[in-house]
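Topology and contacts: notes
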Amino acid sequence: MIKHLSILGSTGSIGVNALRIAKHLKEEIKIQYLTANTNFNLLIQQTKLFKPKSICIVDDIFYKKIKTELNTNDVELLVGREGLLEISRRKDVDIMLNGLVGAAGMEPTLSALNSGINVALANKESLVMAGALIKESMKKTGAKIFPVDSEHSAIWQCLVGENFEDIQRIILTGSGGPFRLRNLNTFDDISIEEALKHPNWDMGRKITIDSATMMNKCLEVIEAHWLFELKPEKIDIVIHPQSIIHSMVEFKDGSIKAQMGVPDMKVPIQYALTYPSHLQSSWKKLDFINCVDLTFHGPDYERFPSLKLAFKALSLSGSASAALNLANDYSVNKFLNHEIIFTDIFNINESVIDNHPWVQHPQLDDLHDLNMWVKDYVAKF
Ligand code: MG
């Protein structure tokens, strides 16, 4: 049966890969909605190729450009944040792929789940910001989250057919990023260009910086906590520089399942879109005979103090994870704008966790208020 799909963030790294898959699987996937933030040229091209029902350009200064380029008798053109939220509420899709960046992805995830729509979630920030609200919404409507994050997709695949009670722990693997072996005394000098060079994965800018600070792994621990309903002590991190094992589950009898493959985001994206099937794909497969050696070691908390923030935020509970996530969105932006140095990202993030006005059960309004508080706090840093 053909699956109807909406893609939020269709011109970003996740969206572009998803459309490559949709092109390859045109018998299985029909594109209903596309949204983009600013890249109107690519959105126009995608619209001509995939003929969605509606599209949304979030930045309204590009609205006129699209309107003159496209025949809006064929496609409905929505605009702004309101248009994005409108698309995330629409019920005539089977799956909404959320490929948005940062905390801005949280509300669309919630509105899709509230509408009973399953969400293929690449925006891990949704769960870090509002894990409790999201779980509540899923319980209410029965809608599900299909993880797109490669580690969480790996764990999801390892858990097919297993009993939750049998899990001893999950092991999130991380490549260690580009600075795994760099002299710690030179971390203050890390440039934007150096931080944007990931050794294994080709991803968007924000997540690539998060991989360099290892904040990405920190956010993934919190994401896994909500997604698989696991206590923090059941979540471990292992550094695996080759990124061939995407994560593992250890069961109580000591048996371990690992999910492996080439580091290519198209694999977890396709699985989330075609679950429970593993359909034929056209990309490069893992070659065991010519594969590099697989190595593992423990996380280096001195080099990457961000890793500790996940466990700190989870033990503080309440709004701590949301505050951490917001702090990181703003501090990464500040780093990319040459306003702070690399190591300040951690300093800001930790300072926000410690000083933010903590709330035990944050609702959407509280999260909006928190966003304003963090934005202001980070701006003054
Ligand atoms: Mg990941």
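Along each chain, the written sequence defines residue order, and numbers are assigned to residues from 1. Note on the predicted model: pLDDT of at least 70 is required for a residue's local features to be given, and 80 or more for side-chain atom pairs to be given and counted; whole-chain, interface and lining totals, by contrast, use all residues. Side-chain measures here rest on the full set of heavy atoms in the structure, leaving out hydrogens and waters.

1. Description of the overall build of the protein chain
Put simply, DSSP marks the helices as runs of H or I at least four residues long and the strands as runs of E at least two long, and each gets a number from the N terminus on. In terms of helices and strands, the protein chain carries 15 helices and eleven strands. Seen through its principal axes, the protein chain has C-alpha atoms that stretch 60 × 50 × 40 Å. Burial classes follow relative accessibility: with a 1.4 Å probe on protein chains only, a residue under 20% of its type's maximum area counts as buried, one over 50% as exposed, and anything between as partly exposed. Scored against the burial criterion, the 381 residues of the protein chain give a buried share of 56%. We call two residues contacting when some pair of their heavy atoms lies within 4.5 Å. Taking contacts inside the protein chain between residues at least 6 apart in sequence as the whole, the part at least 24 apart equals 67%. Approximately 17,000 Å² of the protein chain is accessible, and the part contributed by carbon and sulfur atoms is 51%. Only four residue types enter the tally: Lys and Arg on the positive side, Asp and Glu on the negative side, with His and both chain ends excluded. Where a charge lies is defined by one atom per residue type, namely NZ (Lys), CZ (Arg), CG (Asp) and CD (Glu). Taking the average location of the 40 positive side-chain charges in the protein chain and that of its 46 negative ones, the two points are 5 Å from each other. Note on areas: these come from Shrake-Rupley sampling with a 1.4 Å probe, and a residue is covered only by the protein chains present in the view.

2. Focus: the domain arrangement of the protein chain
Just so you know, the domain bounds were taken from an automatic or database domain assignment. By domain assignment, the protein chain separates into domain 1 (3-147), domain 2 (152-180 + 193-305) and domain 3 (317-381). Taking only C-alpha atoms, the centre of domain 1 and the centre of domain 2 are 25 Å apart. The interface of domain 1 with domain 2 comprises 26 residues on the first partner and 30 residues on the second. For the domain 1 face of the interface with domain 2, the top three residues by lost area are Ile21, Lys124 and Pro147, together amounting to 27%. We define a salt bridge as a contact between a side-chain nitrogen of Lys or Arg and a carboxyl oxygen of Asp or Glu at a distance within 4 Å. Counting across the interface, domain 1 meets domain 2 through three salt bridges. Here Glu220 and Lys124 are joined by a salt bridge, their closest N and O atoms 2.9 Å apart. Once two parts are joined, some of their accessible surface, as seen by a 1.4 Å probe, is lost; buried area is that loss totalled over both.

3. Things to note about the packing of aromatic side chains
Stacked, tilted and edge-to-face pairs are distinguished by plane angle, under 30 degrees for stacked and over 60 for edge-to-face with tilted covering the rest, among Phe, Tyr and Trp rings (Trp via its six-membered ring) whose centres lie within 6.5 Å. Throughout the structure, instances matching the rule amount to twelve aromatic pairs. Summarising the aromatic geometry, the rings of Phe187 and Phe342 are spaced 6.2 Å apart at their centres and angled 75° between planes, so their arrangement reads as edge-to-face. Of this pair, Phe187 sits in the loop between strand 8 (167-174) and helix 8 (192-195) while Phe342 sits in the loop between helix 13 (320-336) and helix 14 (344-355), and the two are 155 residues apart along the sequence. For Phe187, a relative accessible area of 4% corresponds to the buried category. Seen from their ring centres, Phe335 and Phe342 are 5.7 Å apart, and the 70° between their planes marks the pair as edge-to-face. Classification of Phe335 as buried rests on a relative accessible area of 2%.

4. A short note on the coordination of the magnesium ion
Around the magnesium ion, the protein supplies Asp149 (OD), Glu151 (OE) and Glu220 (OE) as donor atoms, at distances of 2.1 Å. In this analysis a donor is any N, O or S atom within 2.8 Å of a metal ion (3.2 Å for sodium, potassium and calcium), and since water is not included, sites may seem incomplete. Donor residues binding the magnesium ion come from one chain and are separated in sequence as D-x1-E-x68-E. Taken together, the positions of Glu151 in helix 7 (residues 150-158) and Glu220 in helix 10 (residues 215-227) put the pair 69 residues apart, joining distant regions of the chain. For the residue pair Glu151 and Glu220, the accessibility class agrees, reading buried in each case.

5. Some thoughts on a nonpolar patch on the surface
Any residue with relative accessible area above 30% and no salt bridge may belong to a patch, with like charges joined within 9 Å and the nonpolar Val, Leu, Ile, Met, Phe, Trp and Tyr side chains within 5 Å. There is a patch of nonpolar side chains on the surface, built from Met260, Phe288 and Ile289 and spanning about 360 Å² of accessible area. In this fold, Met260 is placed in strand 11 (residues 256-260).

6. As for unusual backbone geometry
Geometrically, the link from Tyr275 to Pro276 is a cis peptide bond, its omega value of 10° lying close to zero. Position of Pro276 relative to the elements: it lies in the loop between helix 11 (266-274) and helix 12 (306-316). In this structure, Glu229 takes a positive phi of about 50° despite not being glycine. Considering the arrangement of structural elements, one finds Glu229 in the loop between helix 10 and strand 9 (235-239). Positive phi is not limited to glycine here, since His338 has a value of about 65°. Position of His338 among the secondary structure elements: in the loop between helix 13 and helix 14. Relative accessible area serves as the criterion here: at 64%, His338 is assigned to the exposed category.

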